[in-house]
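Reading the structure
Listed below, chain by chain, are the residues.
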Amino acid sequence: MLIPHPLLGLRDAQEFTYLGDASLMHRPDPAREDAVAAFADYVFLRDNPAGVHRELWFHEAGDRSWLVVTRDTTTHEILGAELASDVKLGGVQ
Amino acid sequence: MTRLSKGGLIDRDARLRFSFNGTEYSGYQGDTLASALLANGVQLMGRSFKYHRPRGVFAAGSEEPNAMVTLRDGARAEPNTRATMTELYDGLSARSQNHIGSLERDLLAVNDLLSPFLAAGFYYKTFMWPKAFWEKLYEPAIRRAAGLGALSMQADPDEYDKGFLHCDLLVIGGGAAGLSAALTAGRAGAQVILADEDFALGGRLLAERDRLDGAEARDWVAITRAELDSLPNVRVMPRTTVFGVYDHGIYGAVERVADHLPTPGDKVRQTLWRITAKRAVLAAGATERHIPFADNDRPGIMLAGAMRAYANRWAVTPLKHANDPIAIFTNGDDGHRTAMDLIAHGARVLGVIDSRADAPCFGQYEVFPGATVTGTKGRQSLYAIEITRNGQSEWHSVGALGVSGGWNPNVHLASHHRGRPVWDDALLAFVPGPNGPQGLIPAGAAAGKGGVADALADGMQAAITALLEIDIAAKPIPLPQAENAPAAQEAFWHVPGKRRAWVDFQNDVTVKDIVLAHKENMRPVEHLKRWTTLGMATDQGKTSNISALAVMAELTGKTIPQTGTTIFRPPYTGVSLSVLGGGDTGPHFRPKRLTPTHHWAEAQGAEFVEVGPWMRAQYFPQPGETHWRESVDREVLAVRSGVGLCDVTTLGKIDVQGADAGEFLNRVYANMMGTLKVGMVRYGLMLREDGHCYDDGTCARLAEDHYVVTTTTANAGLVYRQMEFFRQCVWPDLDVQLISTTDAWAQIAVAGPQSRTLLQRIVDDADISNEAFPFMACRELTICGGLRARLFRISFSGELAYEVAVPARYGHALMQRLMEKGADLGVTPYGTEALGVLRIEKGHAAGAELNGQTTAQMLGLGRMVSVKKDSVGAIMSRREGLAGDKRRLVGLKPVNAQKPVAAGAHLFAKDASRDMANDQGWVTSACYSPHLDSHIALGFLEDGDTRMGEVITAANPLEGQEVTVEVVSAHFVDPEGGRLRD
C-alpha cells in the first residue's frame, strides 16, 4: 500500500505503524460525570466499518508524524491523508 | 530418440548431459527437462498423488500437473519442480517423486486398486472412528502414502535477495500481446518493465507456426527483443513470474536469476521484486483445457497445444517409439492445428477425432467427425485408444494422443482483488471481468483475444490506453502482418462413461468424484472444491477447474456462469519461502543493536544476552570461575561493597522540551512531574489508558522547559510512539517537542558505596558531594577534561549510585577511563544478571512485574496515581475491577534458604489444594541473593501486604515442584533506603 503523506508525498505503508480508528483522538473529558463509562467506550469500543474508515497511522520509519488516513476498507483505496495535529487543531471530525 | 531431425529453438551444437532417476541422458541448450526427457523417449515421469498412477508430462508450461520432479541433490534438492519449467543445464540431476521402490514398479500402486474406497470426501467419512486412531494410525499412514516430494531437511546453501522497481507500465507476459504492448510503450518513452516466466520471450509465438510479415514468428520476436533491449527506458525480465497484484499498483515478482545454472556461483539464486507500476498490462496468455474421458491419464496423453509446442519449439514428439502414429482428440479447430504441425514435421498422424458432427478438415489427414475417445490402453505408455462414433467402437494403435478442449484465458492476476471473471458464451471461457485490480488492463489471449493478429493489436491498444491514463501519449506502431487461426469449437466438456475419467490430474479427482459430490449435495463450487480437493494441488487446477465446473453444471442443469467460478489468490505459481525471506536469514533475520561498550565488553570476555534487538553483557567471567553463578555473585557483592559499572545505554531516552513540557509530562505520567525542581529526578510511572501499568523510568528536569525521561529497554520505541500520539493527536495545543535520544547518549551506571569516590576522579569541577548533589539530583557538567556529560544520582541497586551519560561515541572511552581510575577501588563491571539480582534484592519492579496485567496498587505504588490531576489511565485505574484487586507485590524467602524458587510458580496457602480456586498469586522474579546467602523471589500475593511472616507454598505443578516460602517485605536490602542517601 502507498500512503499519500501530506508533507512527503507517496510513501510505502511499510514505513508506517497502524493504530486504528481515528476516534482515539477524541479522549473523553475526565471531569464529566460519566467519565468512567465514557473512557470504557473510548478504550474498548471501536467501529469497524466495511467501507470508508478514518484511521491513525504513525510514520515511524519516517518523519514521526501521526496521520489521519481515510481508507475504504473494502478496496483499500486511500481517499486522503492529513496530519493528525492539523485535524485536531482544526476541529475537523 | 524422438527428436526431430531439424527445427526447434534448440542449439544442436550445445549438447548438455543430465540424469533422471540415475540414468544418464543428453539434451540441447534451449531444452526444458520435460522436452529433453521426451526427446529421449521417456514418457513416464512421476506417480499421481493419491492412486500412484503412472504419469507423463501433460503440458508445456507452468500449468503442468504431472511432471513434478525433485531437482538437484543434497542441500540444494528442490521437490515439486515442474519439469516443464526447468531449463536444462549441463549436469542437471532430477528424480521422480511419490513412489516406494522404482518409478516403474511403485509398491504403492496398490492404492489404485483401493480407489473405490478413496473417492471424494473419503477422509471425512472413513477415518472417523475410533477417534484416537486418527492421530496415531490413519493420518501418518495417509501422509506416507499420498504426497509429493520431500524436503532435503538441510539448510538452503544459496542466497536470495529482495529488490524494488518502479515503472510507468508493467507488461506481464512476453507473447504477441505483451511484446506489442512493451514496444508501443517503449517507443513512447515510458518506463517499461516486461516480465515473462519463460526463459525465452515470445510466448505461444515460439510454440506455433504462425507467420508474421511472411516470415517465421521467431524472427519478429528476435528483432523486437533486440529493440526492447536497446531502449534505456525498457527493462526486459525473462525468467520472472509476476505472481500477485497488491494494493495501489504494487506487484510481486520472482526472478529466477540462477535456477538455470548448476550452482549460482556468485549470483543469488532468486530475487523477490516488489514492482510499483502506475499501470500494468496483463498479457499472461491462455491455458489449454482437456476433455476428460476414460483412462485419460496415461503417459503419452497430453494437451494438443503442448504437443504442438514440443514439436515446434523443441523439435520433439512425445512418443516412446519414434514412428508410432499420433492421434488428436478435440472439440474445435485448435486440435487440427496440432495435426497439421505434426504432419509438417513428418510425424505420422492417425487422424483427428472431433466431437463435432460437422468437423472440418484443414489438410491431408483423416478426420473422425462426431467421434470421441472412450478408452485407452498402456499402463506406463499409451499404445491404443478406443474411438467411438455413433455407438460403434474400435481400437486403434497410437503412441501418443493430443487432447484439446479449448483455451482458458489466464485471468488469475485479474481476479486478485476479488475481480470476478465473467463467462463469454462465444469463447466458451471465463474472461477478466470489469472489477479487477485498478490499473491492470488484460490484453491478448488473457482477455480472450488469442488470435495472433488480434493479440498484437490488442496489446498495442492496451498500452496506448494505459499510458493515456497517466498522461503519456503513445502512438500506434506498425504491426507485422498476421492472421488469426481458425478457432471454432463446440461446448463439449467430457466423455460420459463407466471408467474413471480424470479431471484434476495432480490431486487425482475424476468425473466420478464430481458426480459423488453432486449426489452428496456439495454443489456450490466452493464446496465442490473442498469435498473433492479439486484445484487444490500445487497447480491450483489450471488445467482442470473449468472442466469440473462444466461437469457440475451439466449435473445440476445450470449454466456454467450460474454454477460460478472460484477466484484466484496470489501466488500465480508457487513461490519458495527462501525467496520470500530474501536475504533475511540467520544473523540477518533482524538487525542487532550493540551498546557503545560492546567491543570493550567483548574484549573482557563477557557473555552476551539478547535483550530485544540489543546485545547486552550478561556477566563477565573471570579466570578460575567455572559457573555463571560464581561470576554473578562476585559482581553483586562488588556493587554492594565497593563499586560496579554497568552499561545501561539500552534504556530508552526521550528528550522533552517546550514551555508546556511539565504539563505534558503531568498528563502522560501517573504522578506529578510539573512540580519537579530543576536539577532533580523523579521516578515516573506510566499507565495505559485502560488503567494498567505500562512502563516506568526516571524523569530528570534539566531546565524549566527541558526534561529527559527514560523508559525500559523493551518499551523504548513504544513509549515514544505513545507520547507522540498524545502530543500530536490528543493535545497538539501544548507547546512541547519530543525526540528519542536513546542512540545519542551512552549511559553507564556507577553503583556502590565507592561510586562517588570514583566519579569525583573524573568530574571536572562540579561539586558532587552529598550536600551539593543529593539523592535524585541531576545536572549537566563536564568530565575527563571538558567532555560534556549528564550526571543523575539514581539507583536501581539500592546502593549509593549514579548514572553518567556522555555522547555515544565516548561510551567506550568512558568505560575504559572509569575502569582505570577505579582500579584501586576494585571497580567491577557487571552485567544484566547481576543487575537483575541487585534489583530483586531491592524489590524494584522490572519487566516481569510490569507485564501489562498489573496495576499501580499491586506494585504498592497506588498512591503515585495522582488524584490532583488527570493523566493517561487515571480514570480507568479507579474502576472496580482494578481498584478491588487485592494482590500485592511481596518478597518470598524459602524456609530452606538453599532451595530455589521458580519464577512462574503459583502461590497457595500452605494446606490448600493446588487448584485454580485456591490460587493466590504467582512468583514474578527469582534469584539467588549472595548478599543474604539465600534464594529469594518477588511475587504478587492476595492481601500480601497484611501477610508478612506467613509461611505459604510456591508450587509448580507442571514439574511437581513445591517450595515452602515465608512472606517478607519486597525490600530484602536496606528497606529504609539509607544507603541511597548517604
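Residues numbered from 1 in each chain as written. Chains lettered and ligands numbered in written order. Predicted model: local features only at pLDDT ≥ 70, side-chain atom pairs only at ≥ 80, totals over all residues. Heavy atoms only, no water.

1. Some points on a positive patch on the surface
Residues and elements named next belong to chain B. A grouping of Arg418, Arg420, Arg530 and Arg569 is seen on the molecular surface, where their side chains present a positively charged patch. Mapped onto the elements of the fold, Arg569 is located in the loop between helix H13 (560–563) and helix H14 (577–581). By relative accessible area, Arg569 is classed as exposed at 64%. (Patch = residues over 30% accessible without salt bridge, like charges linked within 9 Å, V, L, I, M, F, W, Y side chains within 5 Å. Areas by Shrake-Rupley, 256 points an atom, 1.4 Å probe, with all protein chains shown as cover. Salt bridge = Lys/Arg side-chain N within 4 Å of Asp/Glu carboxyl O. Lys, Arg positive; Asp, Glu negative; His and termini not counted. Charge placed at Lys NZ, Arg CZ, Asp CG, Glu CD. Helix = DSSP H or I, 4+ residues; strand = E, 2+ residues; numbered from the N terminus. Buried < 20%, exposed > 50% of the residue type's maximum accessible area, 1.4 Å probe, protein only.)

2. Some details on the packing of aromatic side chains
A complete count under the given rule lists 18 aromatic pairs over all chains for this structure. Between Trp66 of chain A and Phe725 of chain B, the ring centres sit 5.5 Å apart and the planes meet at 70°, which makes this aromatic pair edge-to-face. Linking Trp66 of chain A in strand S5 (residues 66–72) with Phe725 of chain B in helix H18 (residues 716–730), this pair reaches from one chain into another. The burial state of Trp66 of chain A is the same as that of Phe725 of chain B; both residues are buried. Ring plane angle 10° and centroid distance 6.3 Å describe the contact between Phe773 of chain B and Tyr802 of chain B, whose orientation is recorded as stacked. On the criterion of sequence distance, the pair formed by Phe773 of chain B in the loop between helix H19 (755–760) and strand S41 (778–783) and Tyr802 of chain B in strand S43 (residues 801–807) is long-range, its members being 29 residues apart. Note on accessibility: Phe773 of chain B and Tyr802 of chain B belong to one class, buried. Members of the aromatic cluster, each reached through a chain of ring pairs, are Phe58 and Trp66 of chain A together with Phe725, Phe726 and Trp731 of chain B. Here Arg235 of chain B stacks its cationic end above the ring of Trp273 of chain B, 5.0 Å away from the centre of that ring. When the ring centre of Trp395 of chain B is taken as origin, the NZ or CZ atom of Lys377 of chain B, which lies over that ring, is 4.2 Å away. (Phe/Tyr/Trp six-rings, centres within 6.5 Å; stacked < 30°, edge-to-face > 60°. Lys NZ or Arg CZ within 6 Å of the ring centre and 35° of its normal.)

3. Overview of empty space enclosed by the protein
Here the idea is plain: a probe the size of a water molecule rolls over the atoms and shows the empty space left. Residues and elements named next belong to chain B. Evaluated as defined, the whole model comprises seven cavities of 30 Å³ or more. Volume-wise, the largest cavity comes out at about 170 Å³. As for the largest cavity, its lining consists of 15 residues, of which Asn408, Pro409, Val411, Ile546 and Phe568 are closest to the centre. Secondary structure elements with two or more residues in the lining of the largest cavity: strand S25 (407–409) and helix H12 (545–556). Its residues assigned to classes, the lining of the largest cavity comprises six nonpolar, eight polar and one charged. Shared between two domains, the lining of the largest cavity holds at least three residues of each, these being domain 1 (160–287 + 409–469) and domain 3 (490–563). (1 Å grid on protein atoms, 1.4 Å probe; cavity = no way out; pocket = protein on both sides within 12 Å on 5 of 7 lines; lining within 4 Å. Points joined across faces, edges and corners; volume = space filled by probe spheres on them. Nonpolar A, V, L, I, M, F, W, Y, C, P; charged D, E, K, R; others polar. Domains from an automatic or database assignment.)

All quantities given are derived from atomic positions and should not be read as evidence of function.
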